[in-house]
Amino acid sequence: AQSVTQLDSQVPVFEEAPVELRCNYSSSVSVYLFWYVQYPNQGLQLLLKYLSGSTLVESINGFEAEFNKSQTSFHLRKPSVHISDTAEYFCAVSVSGNQFYFGTGTSLTVIP
Amino acid sequence: ETGVTQSPTHLIKTRGQQVTLRCSSQSGHNTVSWYQQALGQGPQFIFQYYREEENGRGNFPPRFSGLQFPNYSSELNVNALELDDSALYLCASSLRTDAGELFFGEGSRLTVL
């Protein structure tokens, strides 16, 4: 079975500072990896995904994540955060596209 | 392009009652998945429907059941409600041949008293 661990439940960071949200997974087979963002009282929106190819993937709003197979990690980074990045972030893995396994989430709070 | 829509957005039930939640998938998507998100937790997979057939199920009891209709919309039914069923229920649609992305609705928040 697959599982996802998000090590930090809450991450406060000052505006324009860099941030890293950590995600580790366990799986005995190849996986697809995702980061989703959830704003208050809304559903989840895809931030970025790794399916194959380059291990570094980027989103349109400046986030990036790197797939590290040896460390089974898929950490999310942004070099300079904005107030609007305040949200809950979920890491997820999927084996076949059938079932997604989500972590417990990291609450990112950007402080002015 | 119409996104995933869910109804109702909020509802309150009492223990032992039954509830039906509804979902319209995004245009062109033939697969619907349902997830339960308890407060402070990540979404947990309930089941997936592809072309009106169940195509995978998570660790939920049989009182959680579903349907998918020919237009790919879906229902989630929960019988004999328990207090622990209080959660946000998320519907997500996708293309069966796409290994990538789930498109989520905004969810139905169920409170069981």
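Rules behind the numbers
- Residues numbered from 1 in each chain as written.
- Chains lettered and ligands numbered in written order.
- Predicted model: local features only at pLDDT ≥ 70, side-chain atom pairs only at ≥ 80, totals over all residues.
- Heavy atoms only, no water.
- Disulfide = S-S within 2.5 Å.
- Helix = DSSP H or I, 4+ residues; strand = E, 2+ residues; numbered from the N terminus.
- Buried < 20%, exposed > 50% of the residue type's maximum accessible area, 1.4 Å probe, protein only.
- Core = buried A, V, L, I, M, F, W, Y, C linked by side-chain atoms within 4.5 Å.

J.: Explanation requested: unusual backbone geometry in the structure shown.
T.: Geometrically, the link from Ser-7 of chain B to Pro-8 of chain B is a cis peptide bond, its omega value of -10 degrees lying close to zero. At Thr-72 of chain A, a residue that is not glycine, the phi angle is positive and equals roughly 45 degrees.

J.: For this particular structure, what's the right way to read the state of the cysteines?
T.: Should the sulfur atoms of two cysteines be covalently bonded, the bond is a disulfide. Within this structure, the stated rule accounts for two disulfides over all chains. Each sulfur of the disulfide joining Cys-23 of chain A and Cys-91 of chain A lies 1.9 Å from the other. Judged by the torsion about the S-S bond (-65 degrees), the Cys-23 of chain A/Cys-91 of chain A disulfide is left-handed. On the criterion of sequence distance, the pair formed by Cys-23 of chain A in the loop between strand E3 (19-21) and strand E4 (24-26) and Cys-91 of chain A in strand E10 (residues 87-94) is long-range, its members being 68 residues apart. Relative accessible area serves as the criterion here: at 0%, Cys-91 of chain A is assigned to the buried category. Cys-23 of chain B shares a disulfide with Cys-91 of chain B; S-S distance 1.9 Å. As the torsion about the S-S bond is roughly -65 degrees, the Cys-23 of chain B-Cys-91 of chain B disulfide counts as left-handed. Of this pair, Cys-23 of chain B sits in strand E3 (residues 19-24) while Cys-91 of chain B sits in strand E9 (residues 87-94), and the two are 68 residues apart along the sequence. Owing to a relative accessible area of 0%, Cys-91 of chain B belongs among the buried residues under this scheme.

J.: Sorry if this is basic, but what is going on with the nonpolar core here?
T.: Note that soluble globular proteins tend to have their nonpolar side chains buried in a common cluster. In terms of nonpolar packing, the biggest core is built from 27 residues, with Leu-33, Trp-35, Leu-48, Phe-74, Leu-76 and Tyr-89 of chain A touching the most fellow members. When residues of this core are traced back to their parent elements, those giving at least two are strand E2 (10-14), E3, strand E5 (32-38), strand E6 (44-50), strand E8 (64-68), strand E9 (73-78), E10 and strand E12 (106-111) of chain A. For this core, the leading source of residues is E10 of chain A, giving four residues. Core analysis: the next-biggest nonpolar cluster, separate from the first, contains 20 residues, Cys-23, Ile-46, Leu-81 and Tyr-89 of chain B among them.

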